[in-house]
Amino acid sequence: MRIILIGPPGCGKGTQAKLLQDHCDIPHLSTGDMLRLAVESETAVGLRAKTAIEAGQLVSDELVIQIAADRLSERDCSTKGFILDGFPRTELQARALDKLLETQKFSLDKVIKILVADEVIIQRVTGRFMCMICGAVYHEEFRKTHVEGICDICGGEQFTRRKDDNQEVITSRLHVYHLQTVPLLAYYQGKGILESIDGSSPVDIVTQQLRKVVACR
Ligand code: AP5
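My aim in this report is to walk through the structure given alongside it, one point at a time. (Residues numbered from 1 in each chain as written. Predicted model: local features only at pLDDT ≥ 70, side-chain atom pairs only at ≥ 80, totals over all residues. Heavy atoms only, no water.)

Before going further, it helps to spend a moment on the sheet that holds strand β3 (residues 82–85). With respect to topology, 5 strands assemble into an open sheet ordered β2-β3-β1-β4-β8, the strand pairing being parallel. Only two strands of the sheet have a single partner each, and these edge strands are β2 (28–30) and β8 (194–198). Taking each pair of neighbouring strands and ignoring which way they run, the sheet shows an average axis angle of 25°. Where strand β4 (residues 110–115) meets β8, 5 bridges bridge the pair, whose relative direction is parallel. Considered in β8, the bridge of Val111 is made with Leu194. (Pairing = 2+ DSSP bridges. Helix = DSSP H or I, 4+ residues; strand = E, 2+ residues; numbered from the N terminus. Axes fitted to C-alpha atoms, helices over the stretch in contact; angles between N-to-C directions.)

In structure tokens form, the structure reads like this:
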């Protein structure tokens, strides 16, 4: 199955994509995670992407299309499909993805929009923290660890926050989303593959809605 999760920053794409990956056995591909890893490892891609990420702007289409295409060409994506999280974000990226899939003789099954109001987004993003060992994502109010200070998944005791998760940068990320990514919804609506779910409910309720739409089993 080939799925795109689309929605504003902090709407729950990453949280839901990880759960769906386990439930459906489909690889989760996050361009944000790939870029952050590149920044942390100080690779050439990371050095080119760093300033844009920290300012809440989009990294260049050319760079993102290349990293997405490289990952999509790996074997697990051709055998199992993919859940794309954070890509495409511009019409140019969407057209590049169509072209790549056409070459591979595949097509998209569904594009799922996760709807969450901007006020909720700010709360979600400013309260997010991650385990430094396994990357599990939590929220200080909405998704706490079961035992305070200990990661539920790996038992790690150190946590971190993203540099772009502050009030100023999230305002810019939301602006960029409305300006550059929202037009993609009409693009996929026109192809008849766009579905919407309400992302404002608690995580498990959103998961149930998503599973109904995806229906992998
Ligand atoms: P990216 O990493 O893709 O960030 P994003 O789209 O801004 O999305 P987030 O990762 O912030 O949020 P999410 O929707 O995954 O929410 P999450 O599940 O964590 O991109 C970062 C940057 O990289 C971009 O700004 C850009 O610079 C660059 N980039 C990436 N892709 C690019 C591309 N294609 N083109 C150009 N540039 C690109 O949830 C958020 C919080 O809410 C968590 O704390 C979570 O626990 C909590 N939460 C989740 N669901 C719920 C719920 N239902 N109820 C309550 N709390 C919830």
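Turning next to the site of the ligand. Surveying the vicinity of the ligand reveals 36 residues, the closest of which are Thr15, Gln57, Arg89, Arg128 and Arg173. Measuring from a nitrogen atom of the ligand, one finds a side-chain N or O atom of Thr31 at 2.8 Å. Residue Gln57 places a main-chain N or O atom 2.6 Å away from an oxygen atom belonging to the ligand. Protein chains bury 97% of the 1,000 Å² of accessible surface belonging to the ligand in isolation. Listed by contribution, the elements that provide at least two residues to the shell around the ligand are α1 (13–24), α2 (31–40), β6 (137–139) and α10 (203–214). Among the elements that take part in the shell around the ligand, α2 stands out by supplying 4 residues, more than any other. Split by residue class, the shell around the ligand holds 15 nonpolar, 12 polar and 9 charged. (Near = heavy atom within 4 Å. Polar contact = N/O pair within 3.5 Å; in protein donor to acceptor, adjacent residues only side chain to side chain. Areas by Shrake-Rupley, 256 points an atom, 1.4 Å probe, with all protein chains shown as cover. Nonpolar A, V, L, I, M, F, W, Y, C, P; charged D, E, K, R; others polar.)

These figures capture arrangement, not role.
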